[in-house]
Amino acid sequence: MENIFRRAAMVLVFFCLLVHSNVYALEEDTLLRLDSFRASIEDMSEPELNLLLDSLFDAPNADPDLFAFIRLRADALHALSPKNQFAGGFSLYPGNRFYGVWDTQHIFPYSDSLYKSDTATHLDLSPTISGDFYFPFPGLVTSRYGWRDSAFHRGIDIDLNRGDSVHAAFTGMVRFAGRSGGFGNVVIVRHYNGLETVYAHLWKINVKPGDIVISGQLLGLGGSTGHSTGTHLHFEVRFRGVAINPEFFIDLENRTLLTFQVRLIRNKQGYGVRPENIVYHYVVRGDTPSKIAQRYGIALRDLKMWNGWTSSIRLRKGQAVRIQPPEITASR
Ligand SMILES: [Zn+2]
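Quick summary incoming for the structure in this document. Owing to the predicted nature of the structure, the values given are computational and were not obtained by experimental measurement.

A separate point is the coordination of the zinc ion. For the zinc ion, the full set of protein donor atoms is H153 (NE2), D157 (OD) and H234 (ND1), at a range of 1.9 to 2.1 Å. As a motif over one chain, the donors of the zinc ion read H-x3-D-x76-H. With respect to class, H153 is no different from D157; both count as buried.

What follows is the structure, given as structure tokens:
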């Protein structure tokens, strides 16, 4: 018990120093130095260390050695825990090499620069990295991604009744769990494959930031909190804070992944998603050359060149359209 009080006091000291440092001009003696906290840090659990790191991210006057020491401690504890089997090499937070930021207070903390510096990224969606994909709730998709009544809908809506179980799509760590504006009660999970998934309008939340969740694990119960008409799950897939059409990854009819290995390619609309081992796209209703180019992150002129299209083209349903350069063949 005494231990808990000591830790609480220690966290309080940190917060006071943070507040102090934000309000007053910094002086050398307000520097958060490693030596004054070493003993307390050595006592902390992994979640406590993670919370501490979070709270220090915005501190302008923290000793770099302090960060390094906390990370080292967290690494050591994490290495001892058996639940790291999906991480594929250690990182403190899932997908950290794509982000470098772990923020449990803001739903979308990432700056534009993260997206702008991106060009093409390989994502591994195979079960060895992030568990077997699990469709978050097996209800009817009532609204898809894209323009809807003059507003852009950044996810899909899945019909459910209040109290229905909502599950994690992949294995990962809860980054945000709480109430946020129009989303109402919302959970955001960061996955080891680098994606983040968003589960909004929940009635009840069953997880907290820092929780490791296995794909298919219960995150909360569906509802209609926030800006919502009728009970449903608003589900988003994001990379580096930018929403991607879930249908680029997921076959909504069969509720399965379309493919395991993809390249995300930045374009004007966000990210195109190109399966690495699929050579042809088969035209469906509503497809146009520019829609296909956008979906797969291909420049329209390349799409035309790869398919030998010289003038305006009329697509037929079921027509095979090459979505890889000609040197890549469908041999396997
Ligand atoms: Zn929605």
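Here we take up helix α8 (residues 289–296). Within α8, burial applies to P289, I292, A293 and Y296. Along the long axis of α8, the arc covered by the buried residues comes to 100 degrees, so they all point the same way. The elements touched by buried residues of α8 are β16 (261–267), β17 (270–275), β18 (280–282), α9 (300–306) and β19 (320–322). Downstream of α8 by one or two residues, G297 has phi in the positive range, about 65 degrees.

This paragraph deals with the environment of N267. Looking at where N267 falls in the secondary structure, it is placed in strand β16. C-alpha separation for the pair N267 and T119, spaced 148 residues apart in sequence, amounts to 8.4 Å. Beyond its immediate sequence surroundings of up to four residues, N267 is in contact with Y115, G272, Q294 and G297. From its side chain, N267 meets the backbone nitrogen of Q269 in a polar contact 3.1 Å long.

What counts as what
Residues numbered from 1 in each chain as written. Predicted model: local features only at pLDDT ≥ 70, side-chain atom pairs only at ≥ 80, totals over all residues. Heavy atoms only, no water. Donors = N, O, S within 2.8 Å, 3.2 Å for Na, K, Ca; no water. Buried < 20%, exposed > 50% of the residue type's maximum accessible area, 1.4 Å probe, protein only. Helix = DSSP H or I, 4+ residues; strand = E, 2+ residues; numbered from the N terminus. Arc of directions from axis to C-beta. Contact = heavy atoms within 4.5 Å. Polar contact = N/O pair within 3.5 Å; in protein donor to acceptor, adjacent residues only side chain to side chain.

The quantities given are spatial measurements derived from coordinates; they are silent on function.
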